[in-house]
Amino acid sequence: MNKTYKLEAILWSVAFPGFGQLLNGHLIKGIMFIILEFTINVNSLFNQAIMFSFLGKINEAARVVDHQWLMFYPCVYMFAMYDAYKFAEGENPRLSFVPFAFAAYFVTIGLMYSPNIIFGISFGPIWLPMLSLIPGLGIGFIIRFILIKVASKPNYSGRSS
């Protein structure tokens with residue numbers, strides 16, 4: 001069986017959670033993520049909200065989406081991406097999960113704030129969470145960098161021997 005490389009696994013997981021796991025040969029996990037994605041998607045009316053959002057009908061998107069179901073989506077989506085990345089061929093950098101976790105957190109916050117009007121604009125339940133991904137990943141990478149730097153410093157008590 002050919003090995004799946006990290007970029008391939010993560011891009012297929014971006015396309016549909018669970019596909020990266022299937023490529024990595026983790027059939028049960030892949031099927032589980034596909035079922036979770038399908039269940040959340042159908043119950044939250046996510047595809048309909050996406051369609052309305054891309055057509056510029058933000059109010060209709062906000063009206064149809066079920067936030068109680070959609071709140072699960074960012075964590076499932078980002079964890080599926082991380083899992084596909086982690087088990088694909090190639091080195092796993094230290095603390096590589098941190099940007100994924102912060103991205104899920106920020107997208108969830110974006111979803112929670114999506115009913116609000118920000119700077120006079122209603123971004124809705126699709127665009128604000130998507131825009132929240134950018135600072136989530138950025139802060140995640142910064143925190144990962146800081147954690148690696150702090151962990152790599154030798155212990156220094158400040159006392160001379």
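Caption draft 1: Representation of the layout of surface pockets within the structure. Considering only enclosed or pocket space, the largest pocket measures out at about 420 Å³ in volume. In terms of lining residues, the largest pocket is bounded by 20 residues, among which Phe 46, Tyr 73, Tyr 77, Val 107 and Met 130 are the most central. Secondary-structure elements contributing two or more residues to the lining of the largest pocket are helix H3 (27-44), helix H4 (46-54), helix H7 (73-87), helix H8 (97-113) and helix H9 (124-152). Among the residues making up the lining of the largest pocket, the classes are represented as 17 nonpolar, 2 polar and 1 charged.

Caption draft 2: Structural view of the packing of aromatic side chains. Counted by the stated rule, this structure contains 11 aromatic pairs. Plain terms: the ring middles of Phe 16 and Phe 19 are 5.0 Å apart, the flat faces sit at 25° to each other, and that makes the pair stacked. Looking at Phe 16, the relative accessible area reads 25%, which means it is partly exposed. With a centroid separation of 4.7 Å and an interplanar angle of 55°, the aromatic rings of Phe 46 and Tyr 73 are classed as tilted. Taken as a pair, Phe 46 in helix H4 and Tyr 73 in helix H7 lie far apart in primary sequence, 27 residues in all. With respect to burial, Phe 46 and Tyr 73 carry one shared label: buried.

Caption draft 3: Fine view of the side chain of Ser 44. Tracing the backbone through its elements, the reader meets Ser 44 in helix H3. In terms of polar contacts, Ser 44 uses its side chain to reach the backbone carbonyl oxygen of Asn 41, at 3.4 Å. Those residues in contact with Ser 44, other than ones at most four positions away along the chain, are Val 64, Val 65, Asp 66, Trp 69 and Leu 70.

Caption draft 4: The arrangement of the packing of helix H1 (residues 6-15) against H7 in detail. Contact geometry for H1 and H7: axes closest at 8 Å, N-to-C directions at 160°. Here H1 is positioned roughly antiparallel relative to H7, judged by the angle of their axes. Along this stretch, H1 crosses H7, giving a crossing that reads as right-handed. Across from Lys 6, Ala 9, Ile 10, Ser 13 and Val 14 in H1, the residues of H7 making contact are Tyr 77, Ala 80, Met 81, Ala 84, Tyr 85 and Lys 86. Of the residues belonging to the contact of H1 with H7, the class tally is 8 nonpolar, 1 polar and 2 charged.

Caption draft 5: Fine view of the environment of Ile 31. Relative to the elements of secondary structure, Ile 31 occurs in helix H3. Classification of Ile 31 as partly exposed rests on a relative accessible area of 46%. For the pair Ile 31 and Thr 4, spaced 27 residues apart in sequence, the C-alpha to C-alpha distance is 17 Å.

Caption draft 6: View of the nonpolar core. The biggest cluster of nonpolar side chains holds 23 residues, and the ones touching the most others in it are Ala 49, Leu 70, Tyr 73, Met 78, Met 81 and Phe 100. Where this core is concerned, the elements lending two or more residues are H3, H4, helix H5 (58-64), H7 and H8. By residue number, the principal contributor to this core is H7, which donates 8 residues. Beyond its immediate sequence surroundings of up to four residues, Tyr 73 is in contact with Pro 17, Glu 37, Ile 40 and Phe 46.

Caption draft 7: The pattern of salt bridges, seen in detail. Evaluated as defined, the whole model comprises 1 salt bridge. One salt bridge in this structure joins Asp 83 and Lys 29, with 2.9 Å as the shortest N-O distance. Placement of the pair is Asp 83 in helix H7 and Lys 29 in helix H3, with a sequence separation of 54 residues. Residue classification places Asp 83 among the buried positions, given a relative accessible area of 5%. Residue Lys 29 is classed as partly exposed on the basis of its relative accessible area of 26%.

Conventions we followed
- Residues numbered from 1 in each chain as written.
- Predicted model: local features only at pLDDT ≥ 70, side-chain atom pairs only at ≥ 80, totals over all residues.
- Heavy atoms only, no water.
- 1 Å grid on protein atoms, 1.4 Å probe; cavity = no way out; pocket = protein on both sides within 12 Å on 5 of 7 lines; lining within 4 Å.
- Points joined across faces, edges and corners; volume = space filled by probe spheres on them.
- Helix = DSSP H or I, 4+ residues; strand = E, 2+ residues; numbered from the N terminus.
- Nonpolar A, V, L, I, M, F, W, Y, C, P; charged D, E, K, R; others polar.
- Phe/Tyr/Trp six-rings, centres within 6.5 Å; stacked < 30°, edge-to-face > 60°.
- Buried < 20%, exposed > 50% of the residue type's maximum accessible area, 1.4 Å probe, protein only.
- Polar contact = N/O pair within 3.5 Å; in protein donor to acceptor, adjacent residues only side chain to side chain.
- Contact = heavy atoms within 4.5 Å.
- Axes fitted to C-alpha atoms, helices over the stretch in contact; angles between N-to-C directions.
- Parallel < 35°, antiparallel > 145°, perpendicular 65-115°, else oblique.
- Left-handed = near helix turned anticlockwise from the far one by under 90°.
- Core = buried A, V, L, I, M, F, W, Y, C linked by side-chain atoms within 4.5 Å.
- Salt bridge = Lys/Arg side-chain N within 4 Å of Asp/Glu carboxyl O.

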